[in-house]
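Tertiary structure, described
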Amino acid sequence: GRTVVPLESGEEGLRLPVAEGRWRLMLARPGAAPLVTDVFSVTPEGASAPVEIPLPATVPTARMRFIAAESEEPLVGASVVPFFEFGDDLAFFRGPAVLTDGDGAAAIPKMETRMAMPRAREPSWWVHAPGRLARIRVPRDDIPAGSVTTVRLTNTGLYPPSLRAS
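This is a predicted model, so every value here is computed, not measured. (Residues numbered from 1 in each chain as written. Predicted model: local features only at pLDDT ≥ 70, side-chain atom pairs only at ≥ 80, totals over all residues. Heavy atoms only, no water.)

**Quick look at a nonpolar patch on the surface**
On the surface, a nonpolar cluster with roughly 250 Å² of combined accessible area is contributed by V51, I53 and L55. Residue position: L55 is located in the loop between strand 7 (46-47) and strand 8 (61-68). According to the relative accessible area criterion, L55 is exposed, its value standing at 53%. (Patch = residues over 30% accessible without salt bridge, like charges linked within 9 Å, V, L, I, M, F, W, Y side chains within 5 Å. Areas by Shrake-Rupley, 256 points an atom, 1.4 Å probe, with all protein chains shown as cover. Salt bridge = Lys/Arg side-chain N within 4 Å of Asp/Glu carboxyl O. Helix = DSSP H or I, 4+ residues; strand = E, 2+ residues; numbered from the N terminus. Buried < 20%, exposed > 50% of the residue type's maximum accessible area, 1.4 Å probe, protein only.)

Laid out in structure tokens, this is it:
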């Protein structure tokens, strides 16, 4: 099951009130890969150690434009979604969707995975629009400022409902 626990704010930072036991947290972070913490214990005296959540100071992006391969028309409202794998098929997490604008373009975050967990891999990015579905690579190298990478998507007839923007 899934339990939702609100964060509490105090002098020492944020606090997550949880029951006694052994815990491992999976946290979504803005502009970064989800974080899977080390296991920690909670006793009546408190947590065994503070849990640190590293956040990127800045989030670099890659400007990408998605067009229909047949017509060169922009794919407006296409959903670009990262999926993260931790370990060797240990766990998979869906990241937040980025939607394309009226020109079929979007600023795709170059998410940092090394801070997330040992053996974390770069995300697999999937783009989907009605009738189109493809896995893409987000440029990680230095690309000239202001440049746009154009991705042509062929009509596959696929659009799984589970991948739509949420």
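**Considerations on the sheet that holds strand 3 (residues 21-23)**
Spatially, 3-6-7 is the arrangement adopted by the 3 strands of the open sheet, whose pairing is antiparallel. Single-partner strands in this sheet number two, and they are strand 3 and strand 7. Bridge count for strand 3 against strand 6 (residues 40-43) is 3 bridges, and the pairing is antiparallel. Within strand 6, the residue paired with R22 across the bridge is S41. (Pairing = 2+ DSSP bridges.)

**Considerations on the environment of W125**
If you trace the backbone, W125 turns up in strand 13 (residues 124-129). As a C-alpha pair, W125 and R94 span 31 residues in sequence and 9.8 Å in three-dimensional space. Apart from the residues within four sequence positions on either side, W125 is in contact with V80, V81, P82, I108, P109, M111, A134, R135, I136 and V138. (Contact = heavy atoms within 4.5 Å.)

**Thoughts on the environment of T43**
Position of T43 among the secondary structure elements: in strand 6. For the pair T43 and R22, spaced 21 residues apart in the sequence, the C-alpha separation amounts to 9.0 Å.

**Observations regarding the sheet that holds strand 15 (residues 149-153)**
The 3 strands are arranged 12-8-15 in an open sheet whose pairing can be described as mixed. Edge strands, defined here as strands with exactly one partner in the open sheet, are strand 12 (105-109) and strand 15. Ignoring strand direction, the axes of neighbouring strands in this sheet form an average angle of 35°. Taken together, the 5 bridges between strand 8 and strand 15 define a ladder with parallel strand orientation. Its bridge partner lying in strand 15, I67 is registered against R152. (Axes fitted to C-alpha atoms, helices over the stretch in contact; angles between N-to-C directions.)

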